[in-house]
Every structure is written in C-alpha cells, then in structure tokens.
Amino acid sequence: MPSVAMTVNGKAVTGNVEGRTLLVQFLREQLGLTGTHVGCDTSQCGACVVHVDGKSVKSCTLLAVQANGAAVTTIEGLAPNGALHPMQAAFREHHGLQCGFCTPGMVMSAVDLASRNGDPSEQEVREWLEGNICRCTGYHNIVKAVQAGARAMRS
Amino acid sequence: MADTGIGAAVQRKEDFRFLTGRGTYTDDINRHGQTYAYILRSPHASAKIRSVDTAKAKQAPGVVAIFTGADYAADGKGGLPCGWQIHSKDGSPMVEPPHPPLVADFVRHIGDHVAIVIAETRAQARDAAELIAVDYEELKPAVDTADALKPDAPQVWPQAKGNLCYDWHLGDKGPVDAAFAKAAHVTKIDLVNQRLVANAMEPRAAVAEFDRATGEYTLFTTTQNPHVIRLLMGAFVLQIPESKLRIVAPDVGGGFGSKIFHYAEEALLTWAAGKIARPIKWTADRSESFMSDAQGRDHVSHAELAMDKDGKFLALKVSTIANMGAYLSTFAPCVPTYLYGTLLAGVYATPAIYVEVKAVFTNTVAVDAYRGAGRPEATFLLERLVDKAAREMKMDRLDIRRKNFIPADAFPYQTPVALQYDSGDYQSTLAIAEKKADVAGFEARRAEAKSRGMLRGIGFSTYLEACGIAPSAVVGSLGARAGLYESASVRVHPTGSVTMFTGTHSHGQGHETTFAQIVSSTLGMPIENIEVVHGDTNKIPFGMGTYGSRSLAVGGSALVKALDKITTKAKRIAAHLMEANVADVEFKDGVFTVAGTDKSIPFGQVALTAYVPHNYPITELEPGLEETAFYDPLNFTYPGGCHICELEIDPETGVTKLINFTAVDDVGRVINPMIVEGQVHGGLAQGIGQALLESAVYDNATGQLLSGSYMDYCMPRADDLCSFHVETHNTMCTHNPLGSKGVGEVGAIGSTPAVINAVLDALLPLGVQDITMPASPHKVWQAIQSATPAKAAE
C-alpha cells in the first residue's frame, strides 16, 4: 500500500493507504478527524470540504495520495481548542446551522470565500455556496452568517 | 441573569460541538473489533430469485460472514412490522404483505435487500459483494401510481388483488351529493403530487454490537425515535426483550420523516452482530439512500368543489390514489388517510366533505411520511382548487379565501372530516402577509417586469395543519398500533444544576436549547446550568420521538408537568426550611418566599436539602429531587397561516426566479423565535423544492430509479432560493400547558401551492392553465410553447 505524508491541522502525519482511498476516508478513518462529513457519492453536497494548501477542496474528490505533501486544514483545525473562528462564531450568532451535518463543509467553504472576497454580496454568497447542500436551513441564515463572518474576518 | 427563558432568542447550546467538528454522528462511532457491512441490493424492480451463490464471495479477503434471505428465514426471525392498520370502506383490513429485512424469493423494488456481507473493512465488504452471483428471473414491474390499478397491471403481491392495499373513505357522502346537486358552479381539478426523497444530509447509518457476557444488544442508529425502534425491532422482529436492547440515536444529521421508520439494516445489523459476536458498522452511501430510504408524497387526485353563485363553498369531494411502494413502511398507511383526508377542510368552512383514497402497491421504494406527511398533499390540492375556483368564478383569489375562512370566533370548530380545531385566526395571518408582501403594489411590479420582457406572478396559500401528534385514544381508534404520548424527566442535582431527559429526539430542531429554556424560565436558572439528554433508551424512561411537529407541543408539555412536580415538592421542602405553611410559599425567579414576610431561600438550597436531608420533613417526603411525567395530548394542534410567493419567469428560457417569499404563520407559543424562524426557512426550502426542482423519477418500463443521485435529483441550492420574510402571528393552543402548536412542518406545508399558484399567475396571460410539479424550466418552457393564442385571448 502506498504511504502518504502530509500536514494536517499543523501536525505532520503519515499513513499507509490503498490507492483508491479518498482523502476524506484518510482523515476520518485513519486520523479520526470525524468533523469532515460525507453526504453524497457524486461530489455534489460539499459536506466534506477541507482546505488543501489554503483552498477549499471536496475531500471526497481527492485521493489521499494526491494530497501527499500538502497542508490540510479540517474543521477541527480552524480555531484553537475552546475557541471559535470568526466564521464559526457568525454561524452560531445567525443560526446558520440546524442538524450540523453540512456545517463543517459549509464553514470551510465560507472561509475560503471570505479570504478571496471580504465583503461578498448576498448573490455572491449564494453562487459561491452552489456546491454545498444544506437540507435544514433553506440557506437564509447561512447567507447572513457568511456575510457577517466575512466582515468579522476582515476586521 | 441574562434572559434565557421562554421567548428569548437564545443562541443554541448544541452549536459549539457542531461548529468545531465535535458532533458525534453514527458513522463517527467506532467500537473495538468493529467489522463493516455492505448490503447487496436488487438491481431489478421485480424479479424472482432463482439462486444466490455466495461461495466465491465467502473466500474473498477479509470476509467475516455473509447472510442471505434464506439464512434469515431459516433463523425464524420476523419481518418489519407496520405500525398502523387502515380498514377499507367495506370494513376489511388493509392488505399487509410480509416485509423481511432480507428477501429470499422475490425482489420487489430496486434496492431491495438480497444479502449482507460483513468484512474487516468497508472496501472488502463491498468487493466481496461483487462476487455474489444472484440468478434473477426478471418480471415486468408495476411502477406508475395510477396505472397500478389498471386491469392489465403487473401484480406486486398475489394477496393484493389489483395492487390494492386498501380502499378507504371519510366523510358523509349523502350531504356532499346533495350539495353538488344544487351547486351554482362546480370547479374540477386533476393533480399529481409527485414523489420526493427526503434527503437528510446525513445518510442512514448503524453500528450494532452484542455483549456475550451480558446478553445485551446495543444499536447506534440514525433514528428520530429510538424507543420506537427498540419496541418494533425487539418485540416484532428479533424477539429481544427491551431490558436487553439499547438503542442510541446520537447526533443525527436531519430526518424530515425519513428516519422515523424501522429499517431493514437496523434489524440485520443487530441480528448479525449477535451471530458473529463482533460490532458491525453500516453506512449508506447516497445512492443507497435514494433506493432504500422511505420516499414521500406520490398522490394522483381528482377533486371537485361545489359553490353557490357567490363563491361560497358548499361541498368538496376528493378521490386520491396513493402509492405505498412495494412494502408497507412503518407509518405509511396513515399518511394518505388520517394525515390527509382529515385535513381537507383546511381553513375553510366547507360544510360537507367526502374523500376516497385507494392505496396501491408498486415495484418502487416504499413511501412513508416526509415533512408534512399528508398535510402538504391536502394543502396543495385545496389551494390549487381554490385558485382555480376563483378564476372560474371571476373572483379575486384572496376574496374567495376570506369569504370561506372559518371565522376567528367560531372556535372550537368541528370539521366534517373528524378534526376539531381549537384556535386560529386566518383573516389576520392573511391580512399581515398581504401587507408585508405588498400585494396592493403587485400589478405595478408585474407591469414593470413586463416592460423587461419578464412574466411576473404572485401566488397565495392559506393553509392549516394538524400536528402535535397525538391523542393516543384517538389515534388508537383510527388504527395506530401505538400510543403517542411523550415523557420528560427532570433531575435536580444536589448543587442545583439540572439534567433533563426527553423522549423526543433532536436532529436539527435545537431541543437542547428550547427545552433548557423552559426549565430556565420555570426554575429561574441560566441555561448553562441545564443539560438536555435525548436519544438513548438506557437514559430516557420512554419516548415516542420526534415527527409530526410534536416535540414541543407534546414533549414540552410533558416537561411542564415534570417541572410542576419538581416545584410542588420543592415548595414543601422550602416550607419546612422556612417554618411556613406550604400554601404561603411562593416561587419566582429561582427564589422561594413566604407571602407577607421577608423570609426567602434560593432554589439551590432546597435542592441541596433534598439530597442532604438533615433538616427535612422525612416522615412526609422522600429525599431527592427528580420527577418524571408523561403527557398524552387532548387534541391535535392546528398551526396555520398564509404564504405568498412572488416570482418572475423568463419566457425565453422557462427559468423561474423567486423574487420574494412571505410566510406569516400561527404556531402558538414561541419558546425561541430564532429557532422558530429557522424551522420555517427550512420548511419553505423543501416546499419550494417540491414546486420547482425535486422529483423522484422511475422509468415506467423497468422500474429503475432515474433520479438516484444528486446529479439527477435536483436539491435546492443556495442560488435557487431567495431570502424569506418570515414572521408569526400566534393564537394559543387551548389544550396544552405551553400553548405551543408546533413549527417543524408549516414551511413545507404552506409553501408549495403558493409557488405553483404564482407560476400559473405569471403564465396566465399566455393562457397556461396547468403545470405539473416540479415546474422546471423545461416544463415551463414547454407550457409556454404549447399555450395557444386562442386560450391567451380568452
């Protein structure tokens, strides 16, 4: 089995994986980082979004071996223990989550948007989140949270 | 102390763990020595199984065990039970075919369960399943809902002649026929309420284990009602006593009804874990969810509304065919009957109503409750019919509604279809929504849109639902095989913090916050000192779970009763400590006082005294401060309201763009307005999804599910929707202690017809009279193309 080495949430990790092992499987099953979720099998839902070298990526769409040498950040690594990243805080403040299952991917995707666009319009947020499906919130409060989170990240 | 009580928009207690990736969903759970299961499913909608050969698969790397339908049958275990029995018009019980968790002889829908493969890894289980050779003799399937009743339709079950499960009716036909005979006008409509897939974002999953030392089984599962699963699986399927069976529903990623039901995988994993004495995990991938989660809706209906010359409703008659799929899922038979037929009065004072429902079997995935369950189907039918009636009568669409509303002073109101509404104010919710949506300014906006070449429409829905499910005696008389009360326990700890146990289950609804708010208000303590526990049969006394917008109306009422017992006992302890008569003790904001004196002691001191009873009325009162209450509701609750949708259609492309959506709902007492609004938002998205985007499509010739992934089944995305204007205008439920009615389903129930009525309003100038759901760009464009100029000129 191929071996992989990468940095995950600031820590160097290694592992042996099958060639077909997806990055999300490596994160969840070998590293025990279960905050990254799997909601579909067609790269549509975005529950598995993590950052690879600073950019949001669907970790179900990347083989673990393709992330060899990369710096990966998952939802667990977004803020130090006990604290919330401004985007996480905005989701709580604006009730941008209900069941919480899509939330990690939604937050990781939103952080990437905010790093590119510090003041996204409602339409820009809605279009950016096209690859993240939420079944609970109707997106209304997610959109508000992402806009507020982006503003908070800027300040 | 910051107000964390009833009515405060408190931030949710559960959010920190979800936002930081520390939630514990079923697939996040791993047990020592765990194996993985893969379910081999039928690729055919209807076939006879000639043989299943597992020899080669059993030799594959990592395989621990493989069980087939023959193995399961040989073990003498039961099939999945149905929790509701409907009787046909002639008094005969519904046809109730067997429902084994693994089939041995015939497969009856794509995704039907053929074998379970258990291996050391997920991948090994899946790889081995590919080596199982199943020899199928393909048969012609019955697929389409209406076609299933035709004489030449393939038969799904030999015992269900003509594919009929039941032929049910409700209402008094005589007065209906009489009213139709004297009607000035009759409006008729034919409607399809298409099949949907609930699509909770967390796919179903389960982890089962068996402890040989104690003989206990534990099942972690994605369910909305762990005690119901324990009862059904323990008593009817696997014959395991409750005392040896623990069901845990940890964090569950959405349900919307689809996680109410007892599923084959739950029973199979538990059974197989006993066989191999190792834990087993199974997690559906989304494709499996599409072909094994119970689906929703799927009605074909004809309705007629009789009116006098002024548009006053005289009578309604409805005939519906409801698709059950291949098997009867847990609550399937009650959805198109007692959650549908009983709702056909809606908000209108229609004096006579008669409804007939034929439930049919087809070679499709089972259909059961999906958010709203029966009530969206009733609302869609009524609101489409009322709009059509207004057009035919040349009346304003809101005027015809106002004219026929049950007046606010007519409650309690007995409908002709069994329900007695306790409260409501339909004129007011309509008036508020009309103002918020600026209906008066709509024609100017339509004209402006027209100048841009766009077709603008506005649509209305004034709806009602029955929820807070449900009075046990009533549902028992209607065929329910269970009671539908709820339990709550309040454990006050010695140092005054509280753990509260509820039999309801939160899978997004925020119970850990709202239930804590009720405790906070009653006991006068911040919610930080209150923990809410749910979802574990070893911790909770009993419970019926969460569905039918029942958690607050029923479970919250049980909590109020338990808190009443706590404060009653605490007052007696306080009276003893203050040397006062208990009748003179008052309790407010967490402090006990004696009327007319300056004596006072805080709640915490009473709690401590209960557990350290040195100075205590020990001959009259037990130590400790923990109480349990069960609450069985006296009636359903009746939320209602008005939804208004405004949209634009591009006639060149058929694309519909939502412009504005206004929902004014009456949900009774609100505990947390932030959570209530969030519940409405989510319901609206699902209702709008049905109207414009979503459809479970089967190929009629083969029974293959054509919309079996998110590539094919159009889930609402952020850029499909607009921001919503949501508010409440509440009348109190008169028969439960909170006055709450429930909010989980209102969005999904009220919104769908508002959207379609808006689409038809936009297309009316072109002469388009009807459109089927979902009103996709393709269908809208086709409707525009096929509209005749002659019709447009009318």
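Note that the structure is predicted; figures quoted are calculated from it, not measured.

1. Section: the overall build of chain B
Each helix and strand in chain B was counted, giving 20 helices and 28 strands. The C-alpha radius of gyration computed for chain B amounts to 28 Å, which stays within 12% of the reference 28 Å derived for 794 residues, consistent with globular compactness. Principal-axis analysis of the C-alpha atoms places the extent of chain B at approximately 90 × 75 × 50 Å. Counting the 794 residues in chain B, one finds 58% classified as buried. The long-range share in chain B, meaning contacts at least 24 apart out of those at least 6 apart in sequence, stands at 80%.

2. Brief notes about the overall build of chain A
In terms of helices and strands, chain A carries 5 helices and 5 strands. Reading chain A from its N end, one meets helices and strands in the order β-β-α-β-β-β-α-α-α-α. Over its C-alpha atoms chain A spans a radius of gyration of 15 Å, differing by no more than 12% from the 15 Å that the globule rule assigns to 155 residues. If one aligns the C-alpha atoms of chain A with their principal axes, the spans along those axes are about 45 × 30 × 25 Å.

3. Considering the pairing of strand S9 (residues 205–211) of chain B
All names here are of chain B. Across the 7 residues of S9, 6 count as buried, placing the element largely inside the fold. As paired strands, S9 and strand S12 (residues 280–283) are joined by 4 bridges and run antiparallel to one another. Following the sheet pairing, Ala-208 is matched in S12 by Ile-280. Two elements, S9 and strand S10 (residues 216–221), share 6 bridges in a ladder whose sense is antiparallel. Residue Phe-210 lies in a different strand from S10, and its bridge partner there is Tyr-217. Between the end of S9 and the start of S10, which pair antiparallel, lie 4 residues, with Gly-215 showing a positive phi angle near 75°.

4. Quick notes on the nonpolar core
Ranked by internal contacts, the top residues of the largest apolar core, which has 305 residues, are Ala-37, Val-117 and Val-759 of chain B. Look past the residues within four positions of Ala-37 of chain B in its chain and what remains in contact with it is Ile-116, Val-117, Ile-118, Ala-125, Leu-269, Ile-280, Lys-281 and Trp-282 of chain B.

5. Some details on the sheet that holds strand S3 (residues 63–68) of chain B
Residues and elements named next belong to chain B. Taken in spatial order, the 7 strands of this open sheet run S3-S5-S1-S12-S9-S10-S11, and their pairing is mixed. Edge strands, defined here as strands with exactly one partner in the open sheet, are S3 and strand S11 (245–248). On average, each strand axis in the sheet is tilted by 20° relative to the strand beside it, whichever way the strands run. As defined by bridge partners, S3 adjoins strand S5 (residues 113–119) across 5 bridges and the pair is classed as antiparallel. Considered in S5, the bridge of Phe-67 is made with Ile-116.

6. Quick look at unusual backbone geometry
Cis peptide bonds are those with omega within 30 degrees of zero, and the linkage from Ile-469 of chain B to Ala-470 of chain B qualifies with 0°. By secondary structure assignment, the location of Ala-470 of chain B is in the loop between strand S18 (455–464) and helix H13 (472–477). Pro-774 of chain B follows Met-773 of chain B through a cis peptide bond whose omega is -10°. Relative to the assigned elements, Pro-774 of chain B resides in the loop between helix H18 (746–763) and helix H19 (777–786). Positive phi, close to 55°, is recorded for His-95 of chain A, a residue that is not glycine. Inspection of the secondary structure assignment puts His-95 of chain A in the loop between helix H2 (86–93) and helix H3 (103–116). For His-95 of chain A, a count of 24 C-beta atoms within 10 Å corresponds to the buried category. Of note in the backbone geometry, Ala-373 of chain B takes a positive phi value of approximately 45° without being a glycine. By the secondary structure assignment, Ala-373 of chain B is in the loop between strand S15 (352–361) and helix H9 (375–393).

7. So, the interface of chain B and chain A
Where interface size is given, it is often the accessible area lost as the parts come together that is meant. The partner chain A presents 44 residues to the 42 residues of chain B that form the contact. Of all the secondary structure elements, the ones that give two or more residues to the side of chain B that touches chain A are helix H1 (15–19), helix H8 (286–292) and helix H17 (673–692) of chain B. At 7 residues, H17 of chain B tops the list of elements feeding residues into the side of chain B that touches chain A. Along the lines of polarity and charge, the residues of the side of chain B that touches chain A split into 18 nonpolar, 15 polar and 9 charged.

8. Focus: the domain arrangement of chain A
All names here are of chain A. Per the domain assignment, the segments of chain A are domain 1 (3–76) and domain 2 (86–154). Distance from the C-alpha centre of domain 1 to the C-alpha centre of domain 2: 21 Å. The set of elements that each furnish at least two residues to the side of domain 1 that touches domain 2 consists of strand S3 (49–52) and strand S4 (55–58). The element best represented in the side of domain 1 that touches domain 2 is S3, accounting for 3 residues. Split into classes, the residues belonging to the side of domain 1 that touches domain 2 amount to 6 nonpolar, 8 polar and 1 charged.

9. Remarks on helix H14 (residues 511–523) of chain B
Residue and element names in this part refer to chain B. For H14, built from 13 residues, the straight-helix expectation of 18 Å at 1.5 Å per residue is met to within 8% by its first-to-last C-alpha distance of 18 Å. The element H14 is extensively covered by neighbouring structure, given that 12 of its 13 residues are classed as buried. All of the buried residues in H14 are His-511, Glu-512, Thr-513, Thr-514, Phe-515, Ala-516, Gln-517, Ile-518, Val-519, Ser-520, Thr-522 and Leu-523. Those residues of H14 hidden inside the fold are in contact with strand S19 (486–492), strand S20 (498–502), strand S21 (530–533), helix H15 (551–577), helix H16 (603–611) and H17. Just past H14, the residue Gly-524 takes up positive phi, approximately 65°.

10. Description of the confidence of the model for chain B
Mean pLDDT over chain B stands at 97; residues scoring 70 or higher make up 99%. Complex prediction metrics read pTM 0.97 and ipTM 0.98.

11. With respect to the domain arrangement of chain B
Residue and element names in this part refer to chain B. As far as domains go, chain B holds domain 1 (31–139 + 202–253 + 259–292), domain 2 (296–469 + 635–793) and domain 3 (485–631). Here domain 1 and domain 3 have C-alpha centroids that lie 40 Å from each other. Each side of the interface is counted separately: domain 1 has 15 residues, and domain 3 has 13 residues. Here the element with the most residues in the side of domain 1 that touches domain 3 is helix H6 (residues 226–237); it accounts for 4 residues. Residue composition of the side of domain 1 that touches domain 3, grouped by class: 8 nonpolar, 4 polar and 3 charged.

12. Some details on the packing of H9 of chain B against helix H10 (residues 397–404) of chain B
All names here are of chain B. In contact at an axis separation of 9 Å, H9 and H10 are set at 110° when each is read in the N-to-C sense. Between H9 and H10, the angle falls in the class roughly perpendicular. As for how H9 packs across H10, the hand of that crossing is right-handed. Residues Val-386, Asp-387, Ala-389, Ala-390 and Met-393 of H9 touch H10, and the partners they reach there are Arg-397, Ile-400 and Arg-401. Taken together, the residues of the contact of H9 with H10 sort by class into 5 nonpolar, no polar and 3 charged.

13. Topic: the pairing of S19 of chain B
Working note: regular strand, side chains alternate between the two faces of the sheet. Residues and elements named next belong to chain B. Taken across its 7 residues, S19 has 6 buried, putting it largely inside the fold. With 6 bridges connecting them, S19 and strand S25 (residues 626–631) associate as antiparallel partners. Among the inter-strand pairings, Arg-491 is bridged to a residue of S25, identified as Glu-626. As paired elements, S19 and S20 share 5 bridges and run antiparallel to each other. By the bridge assignment for S20, Ser-489 is matched with Phe-501. The turn linking S19 back onto S20 is made up of 5 residues, and Gly-496 within it adopts a positive phi angle of 100°.

14. Remarks on the sheet that holds S15 of chain B
Residues and elements named next belong to chain B. The 5 strands are arranged S7-S15-S14-S13-S8 in an open sheet whose pairing can be described as mixed. Both edges of this open sheet fall to strand S7 (164–171) and strand S8 (185–196), since each of them pairs with a single strand only. Strand-to-strand twist of the sheet, defined as the mean angle between neighbouring strand axes without regard to direction, takes the value 10°. Here strand S13 (residues 296–307) runs beside strand S14 (residues 313–325); their pairing, made up of 9 bridges, is antiparallel. Across the sheet, the residue bridging to Leu-305 is Leu-316, located in S14.

15. Some details on the environment of Asn-199 of chain B
In this fold, Asn-199 of chain B is placed in the loop between S8 and S9. Sequence-wise, Asn-199 of chain B and Gly-257 of chain B are 58 residues apart; in three dimensions their C-alpha atoms are separated by 10.0 Å. Non-local contacts of Asn-199 of chain B, meaning those with residues more than four positions away in its chain, are made with Arg-135 of chain A together with Met-715 of chain B.

Parameters and conventions
- Residues numbered from 1 in each chain as written.
- Chains lettered and ligands numbered in written order.
- Predicted model: local features only at pLDDT ≥ 70, side-chain atom pairs only at ≥ 80, totals over all residues.
- Helix = DSSP H or I, 4+ residues; strand = E, 2+ residues; numbered from the N terminus.
- Rg over C-alpha atoms; globule rule 2.2 N^0.38 Å.
- Buried ≥ 20, exposed ≤ 12 C-beta atoms within 10 Å, placed from the backbone.
- Contact = placed C-beta atoms within 7 Å.
- Pairing = 2+ DSSP bridges.
- Core = buried A, V, L, I, M, F, W, Y, C linked by C-beta atoms within 7 Å.
- Axes fitted to C-alpha atoms, helices over the stretch in contact; angles between N-to-C directions.
- Nonpolar A, V, L, I, M, F, W, Y, C, P; charged D, E, K, R; others polar.
- Domains from an automatic or database assignment.
- Expected span 1.5 Å × (residues − 1).
- pLDDT = per-residue confidence, 0-100.
- Parallel < 35°, antiparallel > 145°, perpendicular 65-115°, else oblique.
- Left-handed = near helix turned anticlockwise from the far one by under 90°.

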